[in-house]
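Structural overview
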Amino acid sequence: MRLTDEERAMLSGEYGPAVAKAMDFLVRYGEAVGAENLLDVNSISIGITGYDRMPRSYGDAGAFNEYFSEIYMDSSETVEIPRVRANSCSILHEMDSRLWQVQGVDERVHDQTEYLEGCCNAIGLAPTFTCAPYLLGYVPLKGEHCAWMESSAVPMCNSVFGGRTNTEGMESGGAAMMTGKIPNWGYHLDENRLGHYLVEVGYDIRTARDWGLAGYYIGGAIQEKIPVYSGVKEFPNLRKLMVCSAAGASSGGIEMFHIVGVTPEANTLEQAFGGRKPLDTLKLGKEELRQAYDALQTATDPNVDFVMLGCPHYSTEDIWRVAMMLEGKHIADHSNLWIFTPDAIKTVADRAGYTAIIEKAGGYVMCDTCPCIAKKVPKGAKIFATDSPKQGHHMHSIMGLPAWYGSTEDCVNAALTGKWKGEF
Ligand code: F3S
């Protein structure tokens, strides 16, 4: 791989042993995928979790260095982890640092997670703790090279903002954080960003629920290819695009999509395909959305005892909407309503009074985590409802919890009544 003078200096140890190991990792990674060079990156989103994988007791001096060297740097030799060289932020935590007991997190996990956060803060990793870093100012501009890790955020970066990222792992994300470099391959290259499948939208998709179904159906149908949605009548807002991104990355592995007339690299069909012929044309009509809807209803019992909202993490607007639906009401006995967002957004919701309305109704606004990452649900919960195909898909497969999927209104209604009444 072609390296610049600066990159060679990093590799030879001039920037310290950790940077040398990180650069060695990036060179090996780049050569394995056929990259010709490295790119400068200044937007890195990385998950540093795994308290339970720490090689020594979490409180030991040097435990973080040992853990990071082994797990994140593929190194049996422990090196001191330096401060980050590029703008880097954290994806999710394994707990809410205030409501961890409500979540059911035990004290040992709490202490280890706090220790890990302290170590990450010490090296300058911003404690955003969100799968939606763009909600907190990590907004890539068109053409900006990034190194993001979260599967729901990657299609947002590539498709919605026009940034460029592959789905990085914790090792490559860690190396990028220490060097500000990432191999130039995959979605960083123009030719890999063109559409593969034409999706003819024959249904008037307007709601977030239907955008979730669209992403879920198409992800299942084409897996990791790039769909080009054509025929969309209404400009989707941020939440709709977030839900669609997360859904397509759950039933499949979609890292990029185009919506003709909406996303920045698809002003026209011609631009989205770059003059190439689509591999095939898929229909996306009412029947296909219904198939996705039916696949997501893994519950049959209408008695709902857990409603989860905020996957991907809710924005201030999303929290406001739910607060307005709950104002003056109370959730049913034995019902649990957990809404997930990053702490920085909860601060705004607190100051605006939204959190107080939700809490008065019996719900919680939880920060920095989610049930899939924490593997925590309310004690005794048996049936849950969500407005996220991703959460429904993963909670059923990871935690074995049967799910209802529907609109946010359906879910809030289920929390208020304890019954699922949503329909396609
Ligand atoms: Fe985020 Fe957890 Fe959903 S990481 S996208 S809230 S599964």
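This report concerns the structure included in the present document. The structure presented is a predicted model; accordingly, all values stated were derived computationally and were not measured.

A word on the packing of aromatic side chains
Inspection of the entire model under this criterion finds 13 aromatic pairs. Measuring from centroid to centroid gives 5.6 Å for F64 and F68, while their planes differ by 50°, and the two rings are tilted. Placement of the pair is F64 and F68 together in helix α3 (residues 63–73), with a separation of four residues, close to one helical turn. The buried category is assigned to F68, whose relative accessible area is 0%. A connected cluster of aromatic rings, assembled from ring pairs, spans F64, Y67, F68 and Y72.

A closer look at the nonpolar core
Counting 68 residues, the largest nonpolar core has Y134, Y229, L284, V307 and L309 as the members making the most contacts within it. Aside from chain neighbours lying at most four places away, what touches L284 is V199, E200, V201, G202, Y203, I205, A214, Y217, I218, Y229 and L289. In terms of nonpolar packing, the next biggest core, distinct from the first, is built from 39 residues, L26, I44, F64 and I81 among them.

Re the sheet that holds strand β6 (residues 197–201)
The strand order β8-β7-β6-β9 describes an open sheet built from four strands, whose pairing is parallel. Whereas interior strands pair on both sides, the edge strands pair on one side only; in this sheet they are β8 (258–259) and β9 (280–284). Here β6 runs beside β9; their pairing, made up of five bridges, is parallel. If you follow Y197 over to β9, its bridge partner there is D280. Here helix α8 (residues 208–222) sits on the sheet and contacts β6, β7 (227–230), β8 and β9; the angle it forms with β9, its principal contact strand, is near 145°.

What to know about the sheet that holds strand β14 (residues 403–405)
In space, the five strands of this open sheet follow the order β12-β11-β10-β13-β14, with parallel pairing throughout. The outermost strands of the open sheet, each flanked by one partner alone, are β12 (364–367) and β14. Neighbouring strand axes in the sheet, compared pairwise and without regard to direction, differ in orientation by 25° on average. Where strand β13 (residues 384–386) and β14 come together, three bridges link them in parallel fashion. Note that in β14 the partner of A385 across the bridge is W404.

Regarding the packing of α8 against helix α11 (residues 286–296)
At their nearest, the axes of α8 and α11 sit 8 Å apart, and the two run at 90° to each other. Judged by the inter-axis angle, α8 sits roughly perpendicular to α11. Contacts between α8 and α11 involve R209, D210, L213, A214, Y216 and Y217 from the first element and E288, L289, Q291, A292, Y293, A295 and L296 from the second. Tallied by class, residues from the contact of α8 with α11 come to nine nonpolar, one polar and three charged.

What to know about helix α5 (residues 107–122)
Helix length check: α5 (16 residues) gives 23 Å between terminal C-alpha atoms against 22 Å at 1.5 Å per residue, within 8%. Those residues of α5 not exposed but buried are V109, H110, Q112, T113, L116, C119 and C120. Buried positions along α5 lie against α3 and α4 (100–103). At the C-terminal side of α5, G124 shows a positive phi close to 90°.

Some remarks on the site of the ligand
For the ligand, the full set of nearby residues is L92, C131, E150, S152, G310, C311, P312, C370, C372, K390 and Q391. The residue makeup of the shell around the ligand, split by class, is six nonpolar, three polar and two charged. Shared between two domains, the shell around the ligand takes at least three residues from each, and those domains are domain 1 (5–188) and domain 3 (297–417).

With respect to the pattern of salt bridges
All told, the structure shown has 21 salt bridges when counted by the stated rule. For K21, the salt bridge goes to E77, with nearest N and O atoms at 3.3 Å. Of the two residues, K21 sits in helix α2 (residues 17–32) while E77 sits in the loop between α3 and β3 (88–90), which places them 56 residues apart along the sequence. A salt bridge links R206 to D204, with the nearest nitrogen and oxygen atoms 2.8 Å apart. Here D204 falls in the partly exposed class, since its relative accessible area comes to 32%.

Quick notes on unusual backbone geometry
Put simply, C311 and P312 share a cis peptide bond, and its omega is -10°. One can find P312 in the loop between β10 (306–309) and α12 (316–326). In this structure, D74 takes a positive phi of about 55° despite not being glycine. As for its position among the elements, D74 is in the loop between α3 and β3.

Comments concerning α12
Along α12, the residues that are buried comprise D318, I319, V322, A323 and L326. Projected onto a plane normal to the axis of α12, the buried residues spread over an arc of 135° and lie on a single side. Positioned one or two residues after α12, G328 has a phi angle of 75°, which is positive.

What about the pairing of β6?
In terms of residue burial, β6 counts as a mostly covered element, since four of its five residues are buried. Two strands pair when backbone bridges link them, and β6 and β7 are joined in this way by four bridges, in the parallel orientation. Bridging across to β7, E200 finds its partner in S230.

What counts, and at which threshold
- Residues numbered from 1 in each chain as written.
- Predicted model: local features only at pLDDT ≥ 70, side-chain atom pairs only at ≥ 80, totals over all residues.
- Heavy atoms only, no water.
- Phe/Tyr/Trp six-rings, centres within 6.5 Å; stacked < 30°, edge-to-face > 60°.
- Helix = DSSP H or I, 4+ residues; strand = E, 2+ residues; numbered from the N terminus.
- Buried < 20%, exposed > 50% of the residue type's maximum accessible area, 1.4 Å probe, protein only.
- Core = buried A, V, L, I, M, F, W, Y, C linked by side-chain atoms within 4.5 Å.
- Contact = heavy atoms within 4.5 Å.
- Pairing = 2+ DSSP bridges.
- Axes fitted to C-alpha atoms, helices over the stretch in contact; angles between N-to-C directions.
- Parallel < 35°, antiparallel > 145°, perpendicular 65-115°, else oblique.
- Nonpolar A, V, L, I, M, F, W, Y, C, P; charged D, E, K, R; others polar.
- Expected span 1.5 Å × (residues − 1).
- Near = heavy atom within 4 Å.
- Domains from an automatic or database assignment.
- Salt bridge = Lys/Arg side-chain N within 4 Å of Asp/Glu carboxyl O.
- Arc of directions from axis to C-beta.

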